[in-house]
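Observations on chain architecture
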Amino acid sequence: MSPLSLLLVVAVSAPALAERPPPNPDPRPMGPPDPHLDALAGASEVGDWAVSLETGFPFFGARGQVALPWMGLNAVGSVNSALFTDTWALGGVSRRWVDTHRVVLSGEILVGGTIRSGDLSRRGPASQTTLRLARGHGRIVPALTLSSRHVLLTDVQEIQTAEGDIVERSRSIAWSPVASFDVGVGVCPGFAVSAGLDVPWFDPPGFSLPGAHINLIVGGWK
Amino acid sequence: MSRLPLLLLSLSPLLGCVNSRTQWVEVTVTTELIAPEGLSAPVYGEWNHTWSGEGELRVPLLPFEDFAADGPGVVSTTLLVPLDGVEGLTLYAWMDLDGDGLHCAPGVTDEPAGLGEALPFPATEADVTLSLEAPCLGAEALWDGG
C-alpha cells in the first residue's frame, strides 16, 4: 500500500474511531436509584434502601431492606399476613447473585416466627428462602419471586398416669411455598408502585386460592 | 424435672416455640358387666366422651374407642382420654347373643344393651357398672340427658 493510500484510509476511518464510545466497565446506567428494581429484586445496591407496603388478597405486609457495606449483603425485615390470620415476622439477609444490565437475580434467607389463628391455628419458629428474578434497569420492571416457607411445629402432650405425669414432645415441619409475579413502575425518583399476582400453597397438597396485591415502594440513598 | 427446663417449657408458649399443648389422662377403668340371668355371650361396645365440643356444637356421647369382653363379669381397660374439650367417660355395650357381630340385625330383637358412666373422672382409676337389660336399644335411646 502506497503512503498516499495509507493516509487516505486513516483519514476516512478516523471519525468512526473517534465516535466509538469508550468501554464502560459498569454496564449499569448511572442515575437515581431504582427503588422498584431494588424492592422487586430483593436487594439494594450499596448505599441504597427500599421499603414496600403491600395490600391485597390474601396478603398484607411491609418489607424493608438496606444495603450493608459487606459482601453485597442487605439486611431485610418483613412482616406479612394472609387475611390477618396467618402472620409471619421475619428478618435476615439478601444478596444479588447476578446483576447485569438486563437481569437481576437475588436470593434471601429469613428467619423468625409465625402465628396462625382460627381452627387451623399453629405457631412456631419459621424460615423463608426466596429467589427473585427481575428484569432491570428501566422504568418498568417485571419480576418473579419464588419463596419456600417452613415452620417448625412442636406439639407437647402432658399425660397424667397413675405413676406420675409424662411429657411427650413431637416435632414436624410444615411447608408452604409461594410464587408471585410483579410488574413495577417507577413513578418518580425514589417512588414506585407495583402490582402482582400471588400463587400461595398453604399446607400442600391442599389447594389454595390465588391472590393479587399492590405495592407502594419508596427508596433512595441512606 | 429440673427448674430450668420447666421454666423454659412454661415460657415457650409466649415465645411461640410450642405449637400446641394437649393434656391427657391414662385411665384404668374397672367395668362390671351384668347380664340377665342365664345369658352369656361376648359383649361389644364403645367408650364415649360423655360431652364434647363447646357452645352450640356441644354434643353428648362421642365414641372414641372400641370395647370388647368375652362375657359378663369384671373387665379392666386402660384408656388414654383427652382432657381438652371433652367431659366424662361413658360406656355403651351390648351382648352378641347370636354371634353375628351385629347388634340386632334384621330379625333379631333380644340382644340386650346398656349404658353407664365411669366415675370419678378425670382420674387415673374409675369404675363403671353396666346392666345389659335393654334389648336392641342404642346409646341415644339409653341416654338420660346427663
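Summary of the structure given here. None of these values were measured; they are calculated from a predicted model. (Residues numbered from 1 in each chain as written. Chains lettered and ligands numbered in written order. Predicted model: local features only at pLDDT ≥ 70, side-chain atom pairs only at ≥ 80, totals over all residues. Heavy atoms only, no water.)

Helices and strands together make up the secondary structure of chain A, namely two helices and 10 strands. In chain A, the succession of α and β elements from N to C terminus is α-α-β-β-β-β-β-β-β-β-β-β. Here chain A, with 222 residues, has 37% of them falling under the buried criterion. When contacts within chain A are restricted to residue pairs at least 6 apart in sequence, those whose partners lie at least 24 apart make up 49%. (Helix = DSSP H or I, 4+ residues; strand = E, 2+ residues; numbered from the N terminus. Buried < 20%, exposed > 50% of the residue type's maximum accessible area, 1.4 Å probe, protein only. Contact = heavy atoms within 4.5 Å.)

Here we take up the nonpolar core. A general tendency of soluble globular proteins is for nonpolar side chains to be buried together. Among the nonpolar cores identified, the biggest contains 21 residues, and Val 27, Val 29, Leu 33, Val 43, Trp 47, Phe 67 and Leu 89 of chain B are the most heavily contacted of them. Every element with two or more residues in this core is listed here: strand E1 (20-34), strand E2 (43-52), strand E3 (59-69), strand E4 (73-82), strand E5 (86-95) and strand E7 (125-131) of chain B. In contact with Val 43 of chain B, other than residues within four places in its own chain, are Leu 33, Phe 67, Ala 68, Ala 69, Gly 71, Pro 72, Ala 93, Trp 94, Met 95 and Leu 132 of chain B. If you look at the next biggest cluster of nonpolar residues, it comprises eight residues, including Trp 88, Leu 110, Val 151 and Leu 153 of chain A. (Core = buried A, V, L, I, M, F, W, Y, C linked by side-chain atoms within 4.5 Å.)

Turning our attention to the side chain of Thr 161 of chain A. Examined against the element boundaries, Thr 161 of chain A turns out to sit in strand E7 (residues 140-161). With a relative accessible area of 9%, Thr 161 of chain A lands in the buried category. A polar side-chain atom of Thr 161 of chain A sits 2.5 Å from the main-chain carbonyl oxygen of Gly 164 of chain A. With sequence-adjacent residues up to four places away left out, Thr 161 of chain A is seen in contact with Ile 166 of chain A together with Glu 26 and Thr 124 of chain B. (Polar contact = N/O pair within 3.5 Å; in protein donor to acceptor, adjacent residues only side chain to side chain.)

Every contact between the two is made by 17 residues of chain A and, on the other side, 17 residues of chain B. For the pair chain A and chain B, the summed buried surface comes to about 1500 Å²; carbon and sulfur atoms form 46% of the total. Area buried by chain A at its contact with chain B is led by Arg 123, Glu 158 and Gln 160 of chain A, which between them contribute 38% of it. For Arg 21 of chain B, the salt bridge is made with Glu 158 of chain A, and the minimal N-O distance between the two is 2.9 Å. No other element matches the nine residues that E7 of chain A contributes to the side of chain A that touches chain B. Per-class residue counts for the side of chain A that touches chain B are six nonpolar, six polar and five charged. Taken together, the six bridges between E7 of chain A and E1 of chain B define a ladder with parallel strand orientation. (Buried area = accessible area lost by both parts, 1.4 Å probe. Salt bridge = Lys/Arg side-chain N within 4 Å of Asp/Glu carboxyl O. Nonpolar A, V, L, I, M, F, W, Y, C, P; charged D, E, K, R; others polar. Pairing = 2+ DSSP bridges.)

Let us look at the pattern of salt bridges. Residues and elements named next belong to chain A. Taken as a whole and assessed by the stated rule, the structure comprises 10 salt bridges over all chains. Between Asp 203 and Arg 122 there is a salt bridge, with the nearest N and O atoms lying 2.6 Å from each other. With Asp 203 in the loop between strand E9 (191-200) and strand E10 (211-221) and Arg 122 in strand E6 (residues 122-135), this residue pair connects regions lying 81 residues apart in the sequence. By relative accessible area, Asp 203 is classed as partly exposed at 30%. You can call Arg 122 buried: its relative accessible area is 7%. Shared partners join several salt bridges into a network, and the residues in it are Asp 38, Glu 45, Arg 96 and Asp 99.

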